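Structure at a glance
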Amino acid sequence: MTVPGRPEKRVARSSQVPTRSAGSAGGSCGMAAGRPAAIPQLPPAEPADLVGTCEDLATRFSGLPGTVITGSTTVAAGTLLVAGQPVAAHCRVTGRMNERVSPVDGKTYAIAFEMRMPLAWNGRFYHQGNGGIDGAVVTATGATGGGPLSHALSQGFVVLSSDAGHTNAQGGPAFGLDPQARLDYGYQAVGTLTPMAKAAINLAYGKGPDRSYFGGCSNGGRHALVAASRYATEYDGILAGAPGYNLPLAALANIWGAQRYATVATGDPLTPPGLETAFTATERRLVASRVLARCDALDGAADGLVQDTAACQRTFNLYRDVNTCARDNRDGTCLTIAQKRAIDPIFRGGARTSDGERFYAGFPYDPGIGGGGVPFWEFTAPLVLDSSAVGVIFKVPPAPESLTAGPAFALGLDIDTALAELYATNELYTESAMSFMTPPNPTDLSVLRDRGGKVLVYHGVADPIFSVSDSEAYVQGVNRKNRGRAAEFLRLFNVPGMGHCAGGPATDQADYLTTLVNWVEQGQAPDRIVASARGPGNPGGVNGEVPPTWAPDRTRPLCPFPAVARYSGSGDVERAENWACVSPRGGQ
């Protein structure tokens, strides 16, 4: 299908996932006299103390343009905890920016925010991107990963969080009827808040931030990669977890998947429990066990984790390795041939138009397919979240009926038409979803790179909503643009077994932020990140999906893509020091 007005360079095309390794050669940029230009080393941040008191910040911030400060109070040490440890005393400043009444729906909109400002500041600013469709001011701590043992606020950052210009109390996704609210959600709230936050920091501490970071997971990871492109002069470090940087395409792909599940559901597919009858928990665990049987030992140890994902995709075959039910008798030990035909394209093939063009990446088979977070994203989200997101926030023109009849809208949606509408504009909606939601020229990070900025991405291999393959395509595209040298400023760390942002049978606890700061400010490029399982007794919170056969504190190295972890052949298999990051089998 040819989509009218659909610019191929808008995104790193998931439908054409590159096959070269991240060390392969590609396009050109950052060249001087035929040689790669040196990337500057940014100096470390210097700490400072708050000038005055928290309570007087409201008065001192009163002159910030377009800003109304609604509160400024002291938060005593220990009011917030992280992993059971007290967070130091800090100020909590609340406010809103750019309040207006929409000429389209008559609602009042503003960009609401909170900043948490330590009394003893480390000289750094962290802009927290939030998940979902935003719409709420999540507590500004800058927490990342599964069960964090610390976060940006506890480490002394000033942290900003916002609702991205709308509140869920006004009707959730209905904000998409207002054109400006769409743009604020996509990127303009970040562009509005950033200079305000830096000016406020200058007023509070007598200097602006020495180093600025942007981080988040899911939609927050999307915000982060958009900031890396749109606001590259404002941020030094980007931390993007499970970045849905092609979020409109991912949402439509999830609806496409639901339509496939509906063809083999034995219950009512208009309900999440009914749709799940297409691929039950018992059947998902069956597939997970067969993936392990075929792939677990590819990394040198049968330990319940598949480290070499690419080799596993070549090794595992759903049709061959999972029994086919005789006479369609589904008893939990097999899948019917109709199920296999419905399910396998979602994972191996990726979402496609009616004429076979792939528009979003597939999802690799991983033991995490049996994880507890999978059914929400596979069977609930397409009916109650993606339906209204595609229908009202992303499509041009919007389809208000998706707000009240989401399941019917999703299962009846014409995918080809909706795909074209993600790229469409009209007189009222002058930017398409694929413009306001995604990084412009996503493979060009030259501005951030040439300033000395760094981008660290992490992604669960078993993520059921934003494909890890899409993140790999992003990194490969940037790498080709940089003649095979993208690893000097961009690295992706896949987390085997992990679902969406956290959880799953995985070592999902890691300090990504400190790793990024050390890279940005000390030049310590991360060749591995040690991650831990969160078994019983973990202070950051127990992950109930850690298998009982694992050591509760199992550690593994997360490796920069395309490298994978492989057991050395000796030493305790539960400890990261006995695993090395190596090239994947058969290349990538």
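Another aspect to go through is helix H6 (residues 281-295). Counted at 1.5 Å a residue, the expected span for H6 with its 15 residues is 21 Å, and the 21 Å between its end C-alpha atoms agrees. Residues of H6 that are buried include every one of Glu283, Arg284, Leu286, Val287, Ala288, Val291 and Cys295, and no others. As for H6, its buried residues are in contact with helix H5 (272-276), helix H7 (309-315), helix H8 (318-321), helix H9 (337-349) and helix H10 (374-384).

What follows concerns the pairing of strand S11 (residues 158-162). Summarising burial for S11: five of the five residues are buried, a large majority. Burial along S11 is two-sided: Val158, Leu160 and Ser162 and Val159 and Ser161, pointing in opposite directions, are all buried. Sheet topology places strand S8 (residues 108-118) next to S11; four bridges connect them, and they run antiparallel. Looking across to S11, one finds that Arg116 is bridged to Val159. As paired strands, strand S10 (residues 124-129) and S11 are joined by three bridges and run parallel to one another. Bridging across to S11, Tyr126 finds its partner in Val159.

When two helices pack together, you describe them by how their axes are tilted relative to each other and by the distance separating the axes. Running from N to C, helix H4 (residues 247-262) and H9 point in directions that differ by 165°, and their axes come no closer than 8 Å. Relative to H9, the element H4 is oriented roughly antiparallel. Two packed elements cross with a definite hand, and for H4 against H9 that hand is left-handed. Mapping the contact onto sequence places Trp256, Gly257, Arg260 and Tyr261 in H4 and Arg341, Ala342, Ile343, Pro345, Ile346 and Phe347 in H9. Its residues assigned to classes, the contact of H4 with H9 comprises seven nonpolar, one polar and two charged.

Applying the stated rule across the entire model yields 25 salt bridges. The partner of Arg451 in a salt bridge is Asp236, and the shortest N-O contact between them spans 2.7 Å. Here Asp236 lies in the loop between helix H3 (219-230) and strand S13 (237-241) and Arg451 lies in helix H15 (residues 446-451), a separation of 215 residues in the sequence. Given a relative accessible area of 24%, Arg451 falls into the partly exposed group. The closest approach of N and O atoms between Arg284 and Glu276, which form a salt bridge, is 3.0 Å. By relative accessible area, which is 21% here, Glu276 ends up partly exposed. When salt bridges that share partners are traced, they join Asp303, Arg554, Arg556 and Glu574 into one network.

We now examine the layout of surface pockets. Computed from the structure, the second largest pocket encloses a volume of approximately 320 Å³. Lining the second largest pocket are 19 residues, and of these Gly132, Ile133, Trp377, Leu385 and Asp386 sit closest to its centre. Those elements that place two or more of their residues in the lining of the second largest pocket are H4, H10 and helix H11 (386-394). Across the lining of the second largest pocket, the residue classes tally to 12 nonpolar, six polar and one charged.

Attention now goes to the state of the cysteines. Evaluated as defined, the whole model comprises five disulfides. Here Cys295 engages in a disulfide with Cys312; their sulfurs sit 2.2 Å apart. Across the S-S bond of Cys295 and Cys312 the torsion is about 80°, and the bridge reads as right-handed. Of this pair, Cys295 sits in helix H6 while Cys312 sits in helix H7; the two residues are 17 residues apart in sequence, bridging distant segments of the chain. In this structure Cys312 comes out as buried when scored by relative accessible area, which is 0%. Each sulfur of the disulfide joining Cys559 and Cys581 lies 2.1 Å from the other. On the sign convention where negative is left-handed, the bridge of Cys559 and Cys581, at about -80° about the S-S bond, is left-handed. Taken as a pair, Cys559 in the loop between strand S17 (555-558) and strand S18 (564-567) and Cys581 in strand S19 (residues 579-582) lie far apart in primary sequence, 22 residues in all. Along the protein chain, the cysteines that take part in disulfide bonds pair up as 1-2, 3-8, 4-5, 6-7, 9-10, counted in sequence order.

Criteria and thresholds
- Residues numbered from 1 in each chain as written.
- Predicted model: local features only at pLDDT ≥ 70, side-chain atom pairs only at ≥ 80, totals over all residues.
- Heavy atoms only, no water.
- Helix = DSSP H or I, 4+ residues; strand = E, 2+ residues; numbered from the N terminus.
- Expected span 1.5 Å × (residues − 1).
- Buried < 20%, exposed > 50% of the residue type's maximum accessible area, 1.4 Å probe, protein only.
- Contact = heavy atoms within 4.5 Å.
- Pairing = 2+ DSSP bridges.
- Axes fitted to C-alpha atoms, helices over the stretch in contact; angles between N-to-C directions.
- Parallel < 35°, antiparallel > 145°, perpendicular 65-115°, else oblique.
- Left-handed = near helix turned anticlockwise from the far one by under 90°.
- Nonpolar A, V, L, I, M, F, W, Y, C, P; charged D, E, K, R; others polar.
- Salt bridge = Lys/Arg side-chain N within 4 Å of Asp/Glu carboxyl O.
- 1 Å grid on protein atoms, 1.4 Å probe; cavity = no way out; pocket = protein on both sides within 12 Å on 5 of 7 lines; lining within 4 Å.
- Points joined across faces, edges and corners; volume = space filled by probe spheres on them.
- Disulfide = S-S within 2.5 Å.

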